[in-house]
Amino acid sequence: MSATGAMILLAVCFFGLILLRFPIAMVLALTSLITAMALEIPLAVIGQRMVQGLNSYALLAIPFFILAGQIMSEGGLALRLINLAQLIVGAIRGGLAMVNCVACMLFGNISGSAAADVSSVGSVMIPMMKRKKYDADYSVAVTSAAAIQGVVMPPSHNMILYALAAGGVSISSLFLAGIIPCLLLLVVLMTTSYIIARKRGYERGEAVKLKDVPRIIIDGSMSLLTGVIILGGIFSGWFTATESGAIACVYAFILTFFVYRDIPLSHVKVIFLKTFRTVAMVLFLIAASNAFAWILTYLKIPVMLTDLLLGISDNPVIILLILNVLLLILGAPLDMAPLILIMTPILYPVVTALGMDPVHFGIVLILNLGIGLITPPVGTVLFVGCAIGKVSIERGTRALIPFFLVMVAVLMVITYVPAISLWLPNMVNGGS
């Protein structure tokens, strides 16, 4: 079969299987196998590529990060971080919305997952906001938007996926690069929440009792220490990302089961089962994506796309705008992790041809696809938030529009001002 025919077959198989609602990992694996057979490539090559995709020491960090986040999610971590956020911003008008934003950022520092953010923090904050006379759709919108901080705030396992797909970009540099964009996103979301709260006439939050302050600070600090262990160990050079994840798991286990005793020790079996299920899906997805990316490279699709985009314009501003719009569109029907693994090998040659720093592109890509998690028809975070708040997807989507717009604005600022992402890693790496 000709290369053109193979590309048509690949596109038909890929989109056809998606329309048939096959799991995305199966879509990638089956599309790779069918295209390889059409090109008369030995199927053993596809198997080798899948195994090679898992042959990375850095990949071991993902199971540890997922396990640490799962342990803390099952315990009372979310409530303690909410109390800490309440202490910081709770007394402001519309304070619970701001508490929601801060709590999601703090929880994202531990879980690195938007889905974990919205399910753990949302299960506490959305009912609490509704009891305080906040509109249900607004409560869902704030929680869903704030949860996206989890994909940008380190330690995000999506950053590890990007580092692997990009061919070895520094994970520690990516973690450093995500901090300032996440803080910028937090400020913008809190400002938007405050403006809407004033417009709708929501009351001020309740001030924390003085006698409770020391306990709240201690509990919140001990919970946040999980993220400090991970980031501090990596940034100081004491641990690799994998070693930091393993140590964080031990700390989270001791804190949850022996210090706070939020859940019985027998519950550890449930935590491990949930972790194994998640890790198995992620690893199979990585393996299938590696085979799919190899087929794309074999057909020279990344080179063709680079030539196409650079043929449209040689202005980086225009090209980056096109890439952002493309990713926002793709992020609506497809999930984040597979898009990182699929689009990175395709778009990486384009951005490097423009002279864009790989770390900067990683932050732009991850934030862009994170916004897709709150975009119908397949907005995972939006769906979870609406389920918790018991509102329809239509109502939740309408309420999210102001937050969606300001998040896209933040995305554009981060895209065109590289220093926001690169200043911190350049300062740390330059000083080491």
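Residue numbering note: each chain is counted from 1, following its sequence as written. Only residues with pLDDT of 70 or above have their local features reported here, since the model is predicted, and side-chain atom pairs are shown and tallied only from 80 upward, although totals for entire chains, interfaces and linings are computed over all residues. To obtain the side-chain values, all non-hydrogen atoms of the structure were included, while hydrogens and water were left out.

Caption draft 1: Layout of the overall build of the protein chain. Segments assigned H or I by DSSP are reported as helices when at least four residues long, segments assigned E as strands when at least two residues long, and all are numbered from the N terminus. Helix and strand content of the protein chain: 21 helices and zero strands. A globule of 432 residues ought to have a C-alpha radius of gyration of about 22 Å, and the protein chain, at 22 Å, matches this closely. Its C-alpha atoms put the protein chain at 75 × 50 × 45 Å along the principal axes. For the protein chain, buried positions account for 54% of its 432 residues. The contacts of the protein chain with a sequence gap of at least 6 include a subset with a gap of at least 24, amounting to 79%. Reported accessibility uses the Shrake-Rupley method at a 1.4 Å probe radius. Residues are deemed covered only where the shown protein chains occlude them. Entry remark: accessible area of the protein chain is about 18,000 Å², with carbon and sulfur atoms responsible for 69%. Note that the radius of gyration is over C-alpha atoms, with the globule rule given as 2.2 Å times the number of residues to the power 0.38. Using a 1.4 Å probe on the protein chains alone, a residue whose accessible area is under 20% of its type maximum counts as buried, one over 50% counts as exposed, and one in between counts as partly exposed. The contact rule is simple, with two residues in contact once any of their heavy atoms fall within 4.5 Å.

Caption draft 2: Structural detail: the layout of surface pockets. Points on a 1 Å grid over protein atoms alone make up a cavity when a 1.4 Å probe fits among them but cannot get out, and a pocket when they form an open set with protein on both sides within 12 Å along at least five of seven lines; lining residues each have an atom within 4 Å of a point. Grid points are joined across faces, edges and corners, and a volume is the space filled by probe spheres set on the points. By volume, the largest pocket is sized at about 1,300 Å³. If you trace the largest pocket, you find 45 residues lining it, with Ala115, Met281, Asp335, Ala337 and Thr380 closest to the centre. Those elements that provide at least two residues to the lining of the largest pocket are α1 (3-19), α2 (24-38), α4 (61-74), α7 (114-131), α10 (157-165), α14 (268-298), α17 (336-353) and α19 (380-389). Looking at the lining of the largest pocket, the element that brings in the most residues is α14, giving seven residues. Looking at side-chain class alone, the lining of the largest pocket contains 31 nonpolar, eleven polar and three charged residues. In this classification, Asp, Glu, Lys and Arg are treated as charged, Ala, Val, Leu, Ile, Met, Phe, Trp, Tyr, Cys and Pro as nonpolar, and every other residue, Gly included, as polar.

Caption draft 3: Representation of empty space enclosed by the protein. Applying the stated criterion across every chain yields a total of two cavities of 30 Å³ or more. Within this model, the second largest cavity holds a volume of roughly 40 Å³. Around the second largest cavity, the lining residues are Leu320, Leu323, Asn324, Leu327, Phe361 and Val364. The leading source of residues in the lining of the second largest cavity is helix α16 (residues 316-331), at four residues. The class makeup of the residues in the lining of the second largest cavity is five nonpolar, one polar and no charged.

Caption draft 4: Seen up close, helix α8 (residues 136-147). In a helix, the anticipated span is given by 1.5 Å times the number of residues less one. Here α8 spans 17 Å end to end across twelve residues, near enough to the 16 Å set by a 1.5 Å rise per residue. α8 sits mainly inside the fold: twelve of its twelve residues count as buried. Listed in full, the buried residues belonging to α8 are Ala136, Asp137, Tyr138, Ser139, Val140, Ala141, Val142, Thr143, Ser144, Ala145, Ala146 and Ala147.

Caption draft 5: A look at a nonpolar patch on the surface. A surface patch of nonpolar side chains, amounting to about 620 Å² of accessible area, comprises Val317, Ile318, Leu321, Val325, Ile329, Val413, Tyr416 and Val417. Among the elements of the structure, α16 and α20 (393-416) are those that each provide at least two residues to the nonpolar patch. Considering every element that reaches the nonpolar patch, the biggest residue donor is α16, with five residues. Tracing the backbone shows Val325 in helix α16. Think of a patch as exposed residues, more than 30% relative accessible area, with no salt bridge, where like charges cluster within 9 Å and nonpolar side chains (Val, Leu, Ile, Met, Phe, Trp, Tyr) cluster within 5 Å. Criterion for a salt bridge: a side-chain nitrogen of Lys or Arg within 4 Å of a carboxyl oxygen of Asp or Glu.

Caption draft 6: Representation of the pattern of salt bridges. According to the stated counting rule, one finds three salt bridges in the structure shown. The closest approach of N and O atoms between Arg200 and Asp135, which form a salt bridge, is 2.9 Å. Here Arg200 is found in helix α11 (residues 171-200), whereas its partner Asp135 is found in the loop between α7 and α8, with 65 residues between them in sequence. We note a salt bridge from Asp137 to Arg395, for which the minimum N-O separation is 3.9 Å. Pair noted here: Asp137 is in helix α8 and Arg395 is in helix α20, with a separation of 258 residues, a long-range link.

Caption draft 7: Fine view of the environment of Ile295. Along the chain, Ile295 turns up in helix α14. For Ile295, a relative accessible area of 0% gives the class buried. Placed 111 residues apart in sequence, Ile295 and Leu184 show a C-alpha to C-alpha distance of 38 Å. Leave out the neighbours within four places in its chain, and Ile295 touches Leu10, Ser32, Thr35, Ala36, Ile41 and Ile46.

Caption draft 8: The arrangement of the side chain of Thr35 in detail. The residue Thr35 is located in helix α2 in this model. On the basis of relative accessibility, which here comes to 0%, the residue Thr35 falls in the buried class. Contact partners of Thr35, with chain neighbours within four places excluded, come to Ala6, Leu9, Leu10, Ile295 and Leu299.

Caption draft 9: Structural context of the state of the cysteines. Only a pair of cysteine sulfur atoms within 2.5 Å counts as a disulfide in this structure description. Tallying each qualifying case throughout the model produces zero disulfides. A disulfide-free cysteine, Cys182 has its sulfur positioned 10 Å from the sulfur of Cys104, the nearest such atom.

Caption draft 10: Spatial organisation of helix α15 (residues 301-312). In a regular helix each residue adds 1.5 Å, so twelve residues correspond to 16 Å; α15 covers 17 Å between its end C-alpha atoms and thus fits that length. Ile301, Pro302, Thr306 and Leu309 are the residues of α15 that are buried. The buried residues of α15 occupy an angular sector of 135 degrees when the element is viewed end-on, so they sit on one face. Away from the buried face of α15 by more than 90 degrees, exposed residues Asp307, Leu308 and Gly311 are located. The arc in question is the one traced by the directions running from the helix axis out to the C-beta atoms.

Caption draft 11: The packing of helix α3 (residues 43-54) against α14, seen in detail. As a rule, the C-alpha atoms of each element are fitted with a line to give its axis, helices using only the stretch in contact, and angles between N-to-C directions run from 0 to 180 degrees. Between α3 and α14, whose axes approach to 7 Å, the crossing angle comes to 125 degrees. With respect to α14, the element α3 is oriented oblique. Helix-helix and strand crossings are classified by hand; for α3 and α14 the assignment is right-handed. Taken together, the residues of α14 that come into contact with α3 (itself represented by Val45, Ile46, Arg49, Met50, Gln52, Gly53 and Leu54) are Leu283, Phe284, Ile286, Ala287, Ala288, Asn290, Ala291, Trp294 and Ile295. When the residues that make up the contact of α3 with α14 are grouped by side-chain class, the tally is twelve nonpolar, three polar and one charged. Roughly parallel refers to an angle under 35 degrees, roughly antiparallel to one over 145, roughly perpendicular to one between 65 and 115, and oblique to any angle outside these ranges. Note on convention: near helix rotated counterclockwise from far helix by under a right angle means a left-handed crossing. Clockwise means right-handed.

Caption draft 12: Quick peek at the environment of Glu243. Position of Glu243 relative to the elements: it lies in helix α13 (residues 241-259). The partly exposed category is assigned to Glu243, whose relative accessible area is 34%. In sequence terms Glu243 and Phe64 are 179 residues apart; their C-alpha atoms lie 8.8 Å from each other. Leaving out residues up to four positions away in the same chain, Glu243 has contacts with Tyr57 and Trp238.

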